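Structural characterization, general
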Amino acid sequence: MSAESSIAMTAPAEKSHSTEATNLGYILAASYSGSTLLAMLLGSQRDAITVGEMRAPSLDEPDSYLCSCGEPIKGCKFWSEVSAGMARRGIADFDITNAQLSIHDAKNPFLHRLLEPLPRGPLLETARSTALAVSPSWPAHLQNVHHRNGALVEVLREITGTKVVIDSSKIALHLKFLLKAPKLKIKVIWLVRDGRAVTTSMLGHGMKQGSRQETVAAAALSWKRNNEAGERVLQEMPKSQWMFLQYEALCRQPEETLRGLCKFLGMDTRQIVLDFRAKQQHILGNDMRLKSGSEIRLDERWRTALTPEDLGTFNEVAGGSNRKYGYE
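Residues numbered from 1 in each chain as written. Predicted model: local features only at pLDDT ≥ 70, side-chain atom pairs only at ≥ 80, totals over all residues. Heavy atoms only, no water.

**Comments concerning the packing of aromatic side chains**
- Scanning the entire structure with this criterion turns up seven aromatic pairs.
- Judged by centre distance (5.3 Å) and plane angle (85 degrees), the rings of phenylalanine 78 and tryptophan 79 are edge-to-face. One exposure class covers both phenylalanine 78 and tryptophan 79, and it is buried.
- Both rings, one in tryptophan 190 and one in tryptophan 242, keep their centres 6.3 Å apart while their planes meet at 65 degrees; by these two values the pair is edge-to-face. A residue pair is termed long-range when its members are at least 10 positions apart, and tryptophan 190 in strand E4 (residues 186–192) and tryptophan 242 in strand E5 (residues 242–246) qualify at 52 residues.
- Residue classification places tryptophan 190 among the buried residues on the basis of a relative accessible area of 0%. (Phe/Tyr/Trp six-rings, centres within 6.5 Å; stacked < 30°, edge-to-face > 60°. Buried < 20%, exposed > 50% of the residue type's maximum accessible area, 1.4 Å probe, protein only. Helix = DSSP H or I, 4+ residues; strand = E, 2+ residues; numbered from the N terminus.)

Spelled out as structure tokens, the structure:
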């Protein structure tokens, strides 16, 4: 049984939905799964806008941080226009370098500890919900996150004249609480990449956890746990509101895959754009935002980069999950 069909069996029964179109497409994924590429491709379509990771993760050295347009983030005209639009909606303190859009931006240490663990099973999530309920600062924090995210989606659509904002924030727990935002109509793209490829990317980006095999095991476990966390959040959603996508399918058949994604999100499917650098974008997050070229190429370096011992370690930790997601 595939991952998609097994989750669909446990998804809640379909309920009547608002007739309003989707306004936020959320990419749910483990790190190094291709979420930036997918966001930039979707953001290049006529009906969509993306700023990458909309939760605005901490920007290293914000005074020198570059927007993907090439301008310093603090001097970017686009982000100045966004700040003005947020101010018109009563959020006068909005600054993309300190955006307060993520549930993890809580200043209370108690909330920080509660929001650190990935989504787990029902008992642990019930315990988390109970603990959050007794925190006097949690309701205001969650309301603030909802308000700011809803306003930002409205502003981005208004500025660009588009229908759908694509958010590549990836994180399952952030999505879990974002789904409760009253102004957001969310559909989720669950993006999964071969865990062996993700492990290779983690090793290439300097991950170090003791010996080589300890590092491979830690990378495999991180990939596995993040995808399991995503599954648990999706189990709470009607199947019509999310879809499963293999990164490899996007790379091998980009036009066909993007057409299906656009249809799912309620976007125009008549003309699919593959040159994701042709349209100026203002992306946060992954360094890919600053590179040139728009070649869509499947990276399978893992086939030569991982030794038989590495593959054996990966299989022990995450082989079952990899096969469940369709990788042999």
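**Observations regarding helix H8 (residues 195–204)**
- Burial analysis of H8 places nine of its 10 residues in the buried class, which makes it a mostly covered element.
- Residues Gly195, Arg196, Ala197, Val198, Thr199, Thr200, Ser201, Met202 and Leu203 constitute the buried set of H8.
- Those residues of H8 that are buried are in contact with helix H9 (212–234), helix H12 (302–305) and helix H13 (308–324).
- Positive backbone phi, approximately 90 degrees, marks glycine 206, located one or two places after H8. (Contact = heavy atoms within 4.5 Å.)

**Re the pattern of salt bridges**
- Scanning the model with the defined rule gives 21 salt bridges in all.
- Measuring nitrogen to oxygen at the nearest pair gives 2.8 Å for the salt bridge that ties arginine 301 to aspartate 299.
- The exposure class of arginine 301 is partly exposed, given its relative accessible area of 49%.
- Residue class for aspartate 299 comes out buried when judged on its relative accessible area of 15%. (Salt bridge = Lys/Arg side-chain N within 4 Å of Asp/Glu carboxyl O.)

**Some words on the sheet that holds E4**
- In space, the five strands of this open sheet follow the order E2-E3-E1-E4-E5, with parallel pairing throughout. Each of the sheet's edge strands pairs with one partner strand only, and the pair in question is strand E2 (48–50) and E5. Neighbour-to-neighbour, the strand axes of the sheet open up by a mean angle of 25 degrees, direction not taken into account.
- On the sheet, helix H6 (residues 138–160) packs against strand E1 (24–28), E2 and strand E3 (164–170) and is oriented at approximately 135 degrees with respect to E3.
- Against the sheet, helix H11 (residues 254–265) contacts E1, E3, E4 and E5, and its axis sits at roughly 155 degrees relative to E4. (Pairing = 2+ DSSP bridges. Axes fitted to C-alpha atoms, helices over the stretch in contact; angles between N-to-C directions.)

**What about the packing of helix H2 (residues 35–43) against H11?**
- Across the interface, H2 lies against H11 with an axial gap of 11 Å and an inter-helix angle of 70 degrees. One finds that H2 runs roughly perpendicular with respect to H11. Residue-level contacts link Leu38, Leu41 and Leu42 of H2 to Leu258, Leu261, Cys262 and Leu265 of H11.
- Its residues placed into classes, the contact of H2 with H11 shows seven nonpolar, no polar and no charged. (Parallel < 35°, antiparallel > 145°, perpendicular 65-115°, else oblique. Nonpolar A, V, L, I, M, F, W, Y, C, P; charged D, E, K, R; others polar.)

**With respect to the nonpolar core**
- Trp79, Val82, Phe94, Leu156 and Val188 are the most contacted members of the largest nonpolar core, which has 53 residues in total.
- The residues touching valine 82, leaving out its near neighbours within four places in the chain, are Phe94, Leu152, Val155, Leu156 and Ile159.
- Of all hydrophobic cores here, the second largest spans 27 residues; its members include Leu37, Val164, Cys251 and Cys262. (Core = buried A, V, L, I, M, F, W, Y, C linked by side-chain atoms within 4.5 Å.)

**With respect to the confidence of the model for the protein**
- Model confidence for the protein is summarised by a mean pLDDT of 91, while 94% of its residues fall at 70 or above.
- The model gives residues 8–19 a pLDDT under 50, and that stretch makes 18 contacts with residues more than four places away or in other chains. (pLDDT = per-residue confidence, 0-100.)

**Re the environment of arginine 193**
- For arginine 193, the position within the fold is in the loop between E4 and H8.
- In this structure the C-alpha to C-alpha distance between arginine 193 and histidine 112, which are 81 residues apart in sequence, comes to 29 Å.
- Not counting residues within four places of it along the chain, the set of residues in contact with arginine 193 comprises Tyr32, Ser33, Val198, Ser201, Trp223, Tyr247, Glu248, Asp299 and Tyr327.
- Within polar-contact distance, the side chain of arginine 193 engages the side chain of serine 201 at 3.5 Å. (Polar contact = N/O pair within 3.5 Å; in protein donor to acceptor, adjacent residues only side chain to side chain.)

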